[in-house]
Amino acid sequence: MTETQEAKTLQKWWDARKTVDARAFGLSPHDINLAITDVLNLDDFLIRSRLVLNAVKDGKTFALEIHSMNVMDDGDIYTEGGKLLKGTRIVVMDFVESIGVVAESFHEDVAALSRAISRLLDFDFEEGKRELASLKRALRPHGRVAKSVELPSTWRYHESHEIDPGMHRRYYEYLLPNGGPAPGLLITNEKAQKSVSSFEDCYCTCVRTPVEFGDREISAVSSILVMPEKRVGVSKAETPF
């Protein structure tokens, strides 16, 4: 039996951007974007970690988290942990490993701003970090049955930098400066209405086109969807040898 759960968070993150934009922090866009990335990244991993732990804690369930990422070419190195499945462009990692990557990525130099932004979103940043550490500890024994895969895809919005409002539901919020046209969303684009955090650049501002899979890719992913056999330990005193 299988069950699919979706972490429906995009609307929440779009609303977060509006909330932050409505508050004048008096700080550089760069610092604000670092803090937004940290807060939304933490919120994202808390939601996902709770879902995964709830799924695997019975000891009878295999949880596979599915993401999409940019297509990797031969020789590319995936810097967020994990490894390419042999003969494919699919990255796989233990879910708990991905928690460790995000837990080590927070920008301490903007921690005060992160706390302020999280309060605007009815979210306690420091308490969230403590909960994430607790979830990581709880998930560590389930590493063999809680996996994450990154499926190859392409970002549609910057393939050509052409204006196409139909590409994304939040096009006008992110891409148009003062009601005028924009050549495309780039973090360094001076014509953009605002600079955009790296988290939003990946999750909130683009749509992705999946890359078709062949039998080899399907077989490779299927090979990890196996519950490990339970090993029964026997003490030395109980052995006949």
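Calculation criteria
Residues numbered from 1 in each chain as written. Predicted model: local features only at pLDDT ≥ 70, side-chain atom pairs only at ≥ 80, totals over all residues. Heavy atoms only, no water. Helix = DSSP H or I, 4+ residues; strand = E, 2+ residues; numbered from the N terminus. Buried < 20%, exposed > 50% of the residue type's maximum accessible area, 1.4 Å probe, protein only. Contact = heavy atoms within 4.5 Å. Areas by Shrake-Rupley, 256 points an atom, 1.4 Å probe, with all protein chains shown as cover. Salt bridge = Lys/Arg side-chain N within 4 Å of Asp/Glu carboxyl O. Phe/Tyr/Trp six-rings, centres within 6.5 Å; stacked < 30°, edge-to-face > 60°. Pairing = 2+ DSSP bridges. Axes fitted to C-alpha atoms, helices over the stretch in contact; angles between N-to-C directions. Parallel < 35°, antiparallel > 145°, perpendicular 65-115°, else oblique. Left-handed = near helix turned anticlockwise from the far one by under 90°. Nonpolar A, V, L, I, M, F, W, Y, C, P; charged D, E, K, R; others polar. Arc of directions from axis to C-beta. Polar contact = N/O pair within 3.5 Å; in protein donor to acceptor, adjacent residues only side chain to side chain.

Caption draft 1: Molecular detail of the overall build of the protein chain. Of the regular secondary structure elements, the protein chain holds 8 helices and 5 strands. Its helices and strands in sequence order give the protein chain the pattern α-α-β-β-β-α-α-α-β-α-α-β-α, from N to C terminus. Counting only residues that meet the buried cut, the protein chain has 43% of its 241 residues in that class. Contacts in the protein chain between residues at least 24 apart in sequence constitute 75% of all its contacts with a sequence separation of at least 6. For the protein chain, the exposed area adds up to about 14700 Å²; of that, 52% sits on carbon and sulfur atoms.

Caption draft 2: How the structure looks around the pattern of salt bridges. Counted by the stated rule, this structure contains 11 salt bridges. A salt bridge links glutamate 131 to arginine 50; its shortest N-O distance comes to 2.8 Å. Of this pair, glutamate 131 sits in helix H5 (residues 125–139) while arginine 50 sits in helix H2 (residues 29–56), and the two are 81 residues apart along the sequence. Note on arginine 50: relative accessible area 38%, which makes it partly exposed.

Caption draft 3: Quick look at the packing of aromatic side chains. Applying the stated rule across the entire model yields 4 aromatic pairs. With 4.6 Å between their ring centres and 35° between their planes, phenylalanine 199 and tyrosine 203 make a pair best called tilted. Taken together, the residues span about one helical turn, with phenylalanine 199 and tyrosine 203 both in helix H7 (residues 198–203) at a distance of 4 residues. Of the residues examined, phenylalanine 199 reaches a relative accessible area of 3% and is grouped as buried.

Caption draft 4: Examining the pairing of strand E3 (residues 91–94) more closely. Here strand E2 (residues 83–84) runs beside E3; their pairing, made up of 2 bridges, is antiparallel. Residue leucine 84 lies in a different strand from E3, and its bridge partner there is valine 91. Hairpin geometry of E2 and E3 is characterised by an intervening segment of 6 residues between the two adjacent antiparallel strands and by a positive phi of about 80° at glycine 87. Sheet topology note: the E3/strand E4 (residues 146–155) ladder contains 4 bridges and is antiparallel. Residue pairing for E4: valine 92 is matched across the bridge by valine 149.

Caption draft 5: View of unusual backbone geometry. Despite not being glycine, aspartate 122 has its phi angle at roughly 55°, a positive value. Relative to the helices and strands, aspartate 122 is located in the loop between helix H4 (111–120) and H5. Residue class for aspartate 122 comes out exposed when judged on its relative accessible area of 75%.

Caption draft 6: Focus on the packing of H2 against helix H3 (residues 95–103). Between H2 and H3, whose axes approach to 11 Å, the crossing angle comes to 160°. By the angle between their axes, H2 is roughly antiparallel relative to H3. The crossing of H2 and H3 is left-handed. Contact residues: Asn41, Phe45, Arg48, Ser49 and Val52 in H2; Phe95, Ser98, Ile99 and Val102 in H3. Across the contact of H2 with H3, the residue classes tally to 5 nonpolar, 3 polar and 1 charged.

Caption draft 7: Here's a closer look at the pairing of E4. Where burial is concerned, most of E4 is hidden: 9 out of the 10 residues are buried. Relative to E4, strand E1 (residues 63–70) runs parallel, the two sharing 8 bridges. Bridge assignment links alanine 63 to a residue of E4, and that residue is alanine 146. As judged from the 3 bridges shared by E4 and strand E5 (residues 208–210), these two strands associate in the antiparallel manner. Counted as the bridge partner of tryptophan 155 is arginine 208 from E5.

Caption draft 8: Region of interest: helix H8 (residues 215–222). Those residues of H8 that fall on the buried side of the exposure criterion are Glu217, Ala220 and Val221. Down the axis, H8 shows its buried residues gathered within 95° of arc, on one side only. Close packing links the buried residues of H8 with E1.

Caption draft 9: Region of interest: the side chain of asparagine 33. Relative to the elements of secondary structure, asparagine 33 occurs in helix H2. Classification of asparagine 33 as buried rests on a relative accessible area of 10%. A distance of 3.4 Å separates the side chain of asparagine 33 from the side chain of arginine 17, its partner in a polar contact.

On their own, these measurements won't tell you what the molecule is for.
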